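Coordinates in review
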Amino acid sequence: MRQSNQAQAHTVQGTLYALTIVGTVYVISMILGQAFTLPYQVMAILMGTFGFLTLRRYDLLTPWMPGRQGSVGTRMYWTWVGLVGGLLMLGYATKYSAYFSRKVLLGWFVATPFALLALHKLSVGVARTLLPQLVRRRTCVVVFVNESARGLARNLRKSQSYELVGFFEDRDMDRTGGPLEGMPYLGKARSVAQYVRDHDIDVVFIVLPDDGGRRALNLLDDLGDTTASVYYVPDFLIINLFEAQVREVEGVTVLEVAETPFYGADGMLKQLFDFAFALGVLVVLSPLLITIALIIKLTSPGPIIFKQKRYGLNGQRFWVYKFRSMHTGAINPNSDVQQASRDDPRVTPIGRFIRRTSIDELPQFVNVLKGEMSVVGPRPHTVAHNEYYRKAVKRYMVRHKVKPGLTGWAQVHGLRGETAQLERMEERIRYDLEYIKNWSPMLDLRIVFMTIMMIFRDRNAY
């Protein structure tokens, strides 16, 4: 569940914040020549614990903008002021304040916000160097114009997280009160999807037209002269259909309909797991990989590694690596591909074994190290299959909001191998979207374990 995802990220962030708070008081006490005795240790642990509980929800990788009203940095520092105030009240009530140096406390209280800001800058710097896609500005468009859209656009233009490209609107500008100021008109709402595909837009904000909301406000004004309790019930069709969730973007409440779970701290956690796991597997299984490579080379002519274009994150193409399991010339990596079937004559003897046991997929751990794939995620399809199924299966391309994986939620539910029937592909996509919605580190580990358990009993692999 998304709540589980957030809990994992909050735990990592909260731990870093707590260590920063504890480390700062230790450094300040050393600088001022004050021994870090038991009272200081207890105080540091206490404040670190409260820091973990109260600060962990603040994303380390989003722009903080301290001093700006409502920004992460401003809320962070006011939370710290509240913690300091609580500590001072506790010290006064228990008479323990006499155990501490006022210089150390004052230095700690002043230095900690700067230490937290340094932690934020360091985290962003590391992410920008190692995982730049996690901290780049996301391009976005607004669909429909009203006062809410104008407020959102003003905030987006000032944002360090989003780059507003323009807006779409079906109505004449005189009916909307004019266009979005300073933003280009991109066309009618029906052209949004094509524009998003052509320009690799990251985010689409759909702002419902004014009519329904204005009538509701008039009614609420009338009901304000009564003693009745009033509940406003919006149209929940889109919420139920796409399992949308309420979020806040630059101070504006929005419905999240389609989003990647790997943006910000969750993305860093996912990629650290991928890199460490892939590196460990390649090192541990290197004797097996060398042996398989030699057998392939000695038993049939042709290259050891087969490369083929696949769709990856955001629909970008990349070369996926596999041990060659078919006879040379049996398959053209640049043409339409016929999926392997049971007793396929194109498959070599060693190929039949490595396909059944998934050993042919092991070179894809190199794709993981290169950042093109994840250990767990929707399996990448050939370009030809992608182009066919994106038109035949609803919401098919949403699976490309995350990196493709060596194994996935669909595969451990028996949807591995040939997908000749459309219904079978629809079921696979349903599991892929379920994985994206419910991702958590524990779900990844569960899928890895289930994959290992099913390798030697999966009848759909051939």
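Residues numbered from 1 in each chain as written. Predicted model: local features only at pLDDT ≥ 70, side-chain atom pairs only at ≥ 80, totals over all residues. Heavy atoms only, no water.

What about the overall build of the protein?
How we decide: Helix numbers and strand numbers start at the N terminus; a helix is a DSSP run of H or I with at least 4 residues, a strand a run of E with at least 2. Only protein chains enter the accessibility calculation, which uses a 1.4 Å probe; a residue whose area is less than 20% of its type maximum is buried, one above 50% is exposed, and one in between is partly exposed. Whether two residues touch is decided by their heavy atoms; if any such pair falls within 4.5 Å, the residues are in contact. In short, Shrake-Rupley with a 1.4 Å probe defines the accessible areas, and a residue's cover is counted only from the protein chains shown.
Secondary structure summary: the protein contains 15 helices and 10 strands in total. Within the protein, the fraction of its 462 residues that count as buried is 46%. The long-range fraction of contacts in the protein, counting pairs at least 24 apart against all pairs at least 6 apart in sequence, stands at 70%. Summed over all atoms, the accessible surface of the protein reaches about 25,000 Å², with 61% contributed by carbon and sulfur.

Some thoughts on the nonpolar core
Using the following cut-off: By nonpolar core we mean a set of buried residues, namely Ala, Val, Leu, Ile, Met, Phe, Trp, Tyr and Cys, connected to one another through side-chain atoms within 4.5 Å.
Within the largest apolar cluster, 40 residues are counted, with the highest numbers of intra-cluster contacts made by Phe-323, Ile-354, Phe-365, Trp-409, Tyr-435 and Ile-447. Counting residues per element, the ones that place at least two in this core are helix H9 (265–284), helix H10 (286–299), strand E8 (317–323), helix H11 (349–356), helix H12 (364–369), strand E9 (374–376), helix H14 (422–438) and helix H15 (441–454). Looking at which element gives the most residues to this core, the answer is H14, with six residues. Formed by 27 residues, the second largest nonpolar core is a distinct cluster that contains Tyr-17, Ile-21, Ala-44 and Tyr-58.

Focus on the sheet that holds strand E4 (residues 203–206)
Strand pairs in the sheet, formed through backbone hydrogen bonds, run parallel or antiparallel to each other. This is how it is decided: Criterion used throughout: strands pair if DSSP finds at least two bridges between them. The axes are straight lines fitted to the C-alpha atoms, using for helices just the contacting stretch, and the angles between their N-to-C directions are given from 0 to 180°.
On the basis of which strands lie adjacent, the open sheet formed by four strands has the order E3-E2-E1-E4 and parallel pairing. Each having just a single partner strand, strand E3 (185–187) and E4 make up the two edges of the open sheet. Here the strands of the sheet are splayed against their neighbours by 35° on average, with no regard to which way each runs. Alignment of strand E2 (residues 162–168) against E3, held across two bridges, turns out to be parallel.

Considering the packing of aromatic side chains
To keep it simple, the criterion reads: Only the six-membered ring of Trp is used, alongside the rings of Phe and Tyr, when aromatic pairs are assigned; centres must lie within 6.5 Å, and planes under 30 degrees apart are stacked while those over 60 apart are edge-to-face, with the rest tilted.
Evaluated as defined, the whole model comprises 12 aromatic pairs. Relative to Phe-109, the ring of Trp-108 has its centre 5.6 Å away and its plane inclined at 35°; by these criteria the two rings are tilted. Like Trp-108, the residue Phe-109 is buried in the burial classification. Look at Phe-168 and Tyr-195: their rings are 5.5 Å apart centre to centre, the planes differ by 75°, and that puts the pair in the edge-to-face class.

Side note on the confidence of the model for the protein
Just so we agree on the cut-off: Every residue gets a pLDDT, meaning the predictor's confidence in that residue, from 0 to 100.
Within the protein, residue pLDDT values average 80, and 80% of them lie at 70 or more. For the protein, helix H8 (residues 237–242) is the element with the lowest average pLDDT, namely 58, and H12 is the one with the highest, namely 94.

Re unusual backbone geometry
Positive phi outside glycine occurs at Phe-144, with the angle close to 85°. Structurally, Phe-144 is set in the loop between strand E1 (138–143) and helix H5 (147–158). A positive phi is found at Asn-314, a non-glycine position, where the angle reads about 60°. The topology assignment puts Asn-314 in the loop between strand E7 (305–311) and E8.

Observations concerning the environment of Ile-295
Topologically, Ile-295 is positioned in helix H10. The class for Ile-295 is partly exposed, based on a relative accessible area of 31%. As for Ile-295 and Ile-350, which are separated by 55 residues in sequence, their C-alpha atoms are 7.6 Å apart.

Comments concerning the environment of Asp-444
Relative to the helices and strands, Asp-444 resides in helix H15. We classify Asp-444 as buried; its relative accessible area is 2%. Along the primary structure Asp-444 and Val-376 are separated by 68 residues, whereas in three dimensions their C-alpha atoms are 6.1 Å apart.

Some details on the pairing of E2
Spelled out, the test is: Here is how to tell: hold the view so the strands point away, follow the path from the first strand over the helix to the second, and if it runs clockwise the crossover is right-handed.
Counting buried positions over the seven residues of E2 gives five, a clear majority of the element. Bridge count between E1 and E2: six bridges; the pairing is parallel. What sits directly across from Val-142, in E2, is Phe-167. Assessed by its sense of winding, the connection that carries the chain from E1 through H5 to E2 is right-handed.

What about the pattern of salt bridges?
To keep things clear, this is the line we draw: Here a salt bridge means any side-chain nitrogen of Lys or Arg lying within 4 Å of a carboxyl oxygen belonging to Asp or Glu.
Scanning all chains against the criterion turns up 10 salt bridges. As a salt-bridge pair, Glu-169 and Arg-171 come within 3.0 Å of each other at their nearest N and O atoms. When its relative accessible area of 1% is taken as the criterion, Glu-169 is described as buried. Look at Arg-171 and you get buried, because its relative accessible area is 15%. Residue Asp-444 pairs with Lys-270 through a salt bridge whose shortest N-O separation is 2.7 Å. Of this pair, Asp-444 sits in helix H15 while Lys-270 sits in helix H9, and the two are 174 residues apart along the sequence. Across the pair, Lys-270 and Asp-444 agree in class, each one buried. One salt-bridge network, in which partners are shared between bridges, spans Lys-322, Asp-360, Glu-361 and Arg-379.

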